[in-house]
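Letter by letter, the chains look like this.
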Amino acid sequence: MIPTEERKTACVSSQIGCSLSCKFCTTGYIDKKRNLEFDEIYDEVVLINQQSEKIYEKKLTNIVFMGMGEPLLNYKNVLKAIERITSPDGLAMSPRRITVSTAGVAKMIRKLGEDRVKFKLALSLHAANDKKRHEIMPINDTNNIKSLIDALNYFYKYTKNEITFEYILFDNFNDSLEDAAELVKIYRQVPADLINLIEYNPIEFARFTKPSEEKTEAFMRFLEKNKVNVRLRRSRGKDIDAACGQLANK
Ligand code: SF4
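Description of the structure in this document. (Residues numbered from 1 in each chain as written. Predicted model: local features only at pLDDT ≥ 70, side-chain atom pairs only at ≥ 80, totals over all residues. Heavy atoms only, no water.)

So, the site of the ligand
Here is step 1 of the chain: What surrounds the ligand is the set Cys18, Leu20, Ser21, Cys22, Cys25, Thr27, Gly28, Gly69 and Ala103.
Here is step 2 of the chain: Considering only residue class, the shell around the ligand consists of five nonpolar, four polar and no charged. (Near = heavy atom within 4 Å. Nonpolar A, V, L, I, M, F, W, Y, C, P; charged D, E, K, R; others polar.)

Section: the nonpolar core
Here is step 1 of the chain: With 72 residues, the main nonpolar core has Phe24, Ile63, Phe65, Ile109, Phe165, Leu197 and Leu223 as its most contacted residues.
Here is step 2 of the chain: Sorting elements by how many residues they give to this core places helix α5 (residues 145-159) first, with six residues.
Here is step 3 of the chain: For isoleucine 109, the residues in contact, after removing those within four places along its chain, are Leu72, Thr102, Gly104, Leu121, Leu123, Leu148, Ala151, Leu152 and Phe155. (Core = buried A, V, L, I, M, F, W, Y, C linked by side-chain atoms within 4.5 Å. Buried < 20%, exposed > 50% of the residue type's maximum accessible area, 1.4 Å probe, protein only. Helix = DSSP H or I, 4+ residues; strand = E, 2+ residues; numbered from the N terminus. Contact = heavy atoms within 4.5 Å.)

A word on the pairing of strand β5 (residues 62-65)
Here is step 1 of the chain: Neither face of β5 is exposed, since Asn62 and Val64 on one face and Ile63 and Phe65 on the opposite face are all buried.
Here is step 2 of the chain: When β5 meets strand β6 (residues 98-102), the two strands line up parallel, connected through three bridges. Within the sheet, the bridge partner assigned to phenylalanine 65 lies in β6 and is valine 100.
Here is step 3 of the chain: Viewed along the sheet, the connection from β5 through helix α2 (residues 75-86) into β6 turns out right-handed. (Pairing = 2+ DSSP bridges. Right-handed = clockwise from strand over helix to strand, strands pointing away.)

Digging into the packing of helix α1 (residues 38-56) against α2
Here is step 1 of the chain: Look at α1 against α2: their axes get within 8 Å of each other, and the N-to-C directions meet at 45°. The angle between α1 and α2 falls in the class oblique. Between α1 and α2 the crossing geometry is right-handed. Across from Phe38, Ile41, Tyr42 and Val45 in α1, the residues of α2 making contact are Asn77, Val78, Lys80, Ala81, Arg84 and Ile85.
Here is step 2 of the chain: Looking at side-chain class alone, the contact of α1 with α2 contains seven nonpolar, one polar and two charged residues. (Axes fitted to C-alpha atoms, helices over the stretch in contact; angles between N-to-C directions. Parallel < 35°, antiparallel > 145°, perpendicular 65-115°, else oblique. Left-handed = near helix turned anticlockwise from the far one by under 90°.)

What to know about α1
Here is step 1 of the chain: Between the first and last C-alpha of α1 there are 27 Å, a value that for 19 residues agrees with the 27 Å anticipated at 1.5 Å per step.
Here is step 2 of the chain: Of all the residues in α1, the buried ones are Ile41, Tyr42, Glu44, Val45, Ile48, Asn49 and Ser52. In a view along the axis of α1, the buried residues occupy a sector of 150°, so they form one face of it. Exposed and facing more than 90 degrees away from the buried side of α1 are Leu47 and Lys54.
Here is step 3 of the chain: Once α1 finishes, glutamate 57 follows within two positions and takes phi at roughly 55°, a positive value. (Expected span 1.5 Å × (residues − 1). Arc of directions from axis to C-beta.)

No statement about biological role is implied by the geometric values presented.
Here you go:
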């Protein structure tokens, strides 16, 4: 659970482990064990909702599929769980309050469009050219940035649902103003609502660190000057090893 004053958000997992091996993510360093069944995913949400009611006397307001695993590689179970979460017999939550985040499986992004889903989509971009993205996200070899731009446009044509880009800032890797300029170019090719800049949590396996406040500010200001709707997401949950990119059993 990610609690703030206005929101109580559940960050849920779709798989145990992950097969995509992103270099900045602890989950990527453990093998994928299996997909979660739809009722296991639903139970995550129900249990977190119970905690939210108990601790904050408030129901969950949002759900993000940003925990362990790639949701679009467990497509059937994720969609079935969301059907149950949004059903009047389940939690009756609006699909507009649910975001599915993908590392970028172009074929399945298109399928989401064809299935006319009602939830929001987030693409974990994290690098604004193929060379850099290939270095940190091996999935980029088969799903390059151009194929993802096309798939997102296809998704939007069918659904008109909100699209966001997720971009973790890594010191001296993707945080220069040249990177920001490349990011603006990608943003302009997709009807995206927002770029979420994410503060990186260093993990023991990876060589990355987070940039200084000044560099983060400069990157953000460049995007704003170029009329990008941008937000900085501060990291939560580091104290319990549950922050973004840290999910793995010790
Ligand atoms: S960032 Fe997501 S897709 Fe990449 S290895 Fe981690 S859990 Fe898998």
